[in-house]
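Remarks on the overall topology
Here's the letter readout for the chains.
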Amino acid sequence: MDMAKILVVVDWKPIQRRLLKEVTNYGIAAYQLWQVQKLRQHIREEYLDYWEATASDGGIGRPVDAIICPVAPYAAPPHGKNSYTNYSTVWNALDYPAATFRMTTVNSTLDGKELPDGFYDDFEKTFMKCTAPEIFKDAPVSLQLAGRTQKKEAVIKMTEIVDVALAAAK
């Protein structure tokens, strides 16, 4: 697998909205479960089509081998405090293997708490107001590498390659 084949993609949020709106906190009947599974299969086909279409976008004539993207919109939170899993649940829903790797750690001096002038939405505003550098001090800042279904070993090897490249760049 060559490093030129790793692509960064950030548009994964629609899958959670489409699947989770079908399920309530009270469980669902068997027929509803079948419908959710049917929807999941349709979404998996859409993602596969999108993945295959990267063959014409990448300039090398074949689909990307992996996608590198964030694990979360923040550094690793204290245990029990992770409240936003959309960045990783997409791969579970699609049945795509993914592996996380550490990029760096939070540096309280460099990563000061200067709030931006504007926020994307209320979630970002609420989140930014509670991310004190002292809480995240030395916490890992990680990314994840996701691959195609049935390619777990390839994902592990590509993650090792990325990890070695990151170590060499330090």
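Residues numbered from 1 in each chain as written. Predicted model: local features only at pLDDT ≥ 70, side-chain atom pairs only at ≥ 80, totals over all residues. Heavy atoms only, no water.

**Brief notes about the environment of Q32**
Relative to the helices and strands, Q32 is located in helix α2 (residues 30–57). At 2.8 Å, the side chain of Q32 and the backbone nitrogen of A29 are in polar contact. (Helix = DSSP H or I, 4+ residues; strand = E, 2+ residues; numbered from the N terminus. Polar contact = N/O pair within 3.5 Å; in protein donor to acceptor, adjacent residues only side chain to side chain.)

**Let's talk about unusual backbone geometry**
With a phi angle near 65 degrees, D138 is a residue other than glycine that sits in the positive phi range. Examined against the element boundaries, D138 turns out to sit in the loop between α4 (122–129) and β4 (140–146). Even without glycine at this site, Q150 takes up a positive phi of about 70 degrees. On the secondary structure map, Q150 appears in the loop between β4 and α5 (152–169). A residue is classified by how much of its surface remains accessible, and Q150, at 70% relative accessible area, is exposed. (Buried < 20%, exposed > 50% of the residue type's maximum accessible area, 1.4 Å probe, protein only.)

**Here's the deal with the packing of aromatic side chains**
Given two aromatic rings, one states the distance between the centres and the angle between the planes to describe the pair. Here the structure, examined in full by the defined rule, presents three aromatic pairs. Between Y31 and W34 the ring centres are 6.4 Å apart and the planes differ by 75 degrees, which places this aromatic pair in the edge-to-face class. With Y31 and W34 both in helix α2 and three residues apart, the pair spans about one turn of that helix. The same class applies to Y31 as to W34, namely exposed. On the basis of an interplanar angle of 15 degrees and a centroid distance of 6.1 Å, the ring pair of W91 and Y96 is categorised as stacked. Across the pair, exposure class does not vary: W91 and Y96 are buried alike. Each member of the aromatic cluster is reached from another via a ring pair, and the members are W51, W91 and Y96. (Phe/Tyr/Trp six-rings, centres within 6.5 Å; stacked < 30°, edge-to-face > 60°.)

**Some thoughts on the nonpolar core**
By size, the foremost hydrophobic cluster in this structure holds 12 residues: L39, I43, Y47, W51, V64, I67, C69, V90, W91, L94, Y96 and A146. Per-element tally for this core: the top contributor is α2, with four residues. Dropping the residues within four chain positions of it, Y96 is found in contact with R44, Y47, L48, W51, W91, G147 and T149. Within the second largest apolar cluster, 10 residues are counted, among which are A66, L145, V155 and M158. (Core = buried A, V, L, I, M, F, W, Y, C linked by side-chain atoms within 4.5 Å. Contact = heavy atoms within 4.5 Å.)

**Some thoughts on the pattern of salt bridges**
The tally for this structure, following the rule as stated, stands at four salt bridges. Across the pair D138 and K137 runs a salt bridge whose closest N-O atoms are separated by 4.0 Å. The partner of E160 in a salt bridge is K157, with the nearest N and O atoms 3.8 Å apart. Taken together, the residues span about one helical turn, with E160 and K157 both in helix α5 at a distance of three residues. A residue is classified by how much of its surface remains accessible, and E160, at 42% relative accessible area, is partly exposed. When its relative accessible area of 47% is taken as the criterion, K157 is described as partly exposed. (Salt bridge = Lys/Arg side-chain N within 4 Å of Asp/Glu carboxyl O.)

**Topic: the packing of α2 against helix α3 (residues 86–94)**
Two numbers describe a pair of packed helices, the interaxial angle and the distance between the axes. Here α2 crosses α3 at 105 degrees, and the two axes come no closer than 10 Å. The angle between the axes of α2 and α3 places the two elements in the roughly perpendicular class. On α3, the residues that touch R40, I43, R44 and Y47 of α2 are V90, N92, A93 and L94. In the contact of α2 with α3, the residues fall into five nonpolar, one polar and two charged. (Axes fitted to C-alpha atoms, helices over the stretch in contact; angles between N-to-C directions. Parallel < 35°, antiparallel > 145°, perpendicular 65-115°, else oblique. Nonpolar A, V, L, I, M, F, W, Y, C, P; charged D, E, K, R; others polar.)

So far we have only geometry, and geometry alone does not tell us how the molecule works.
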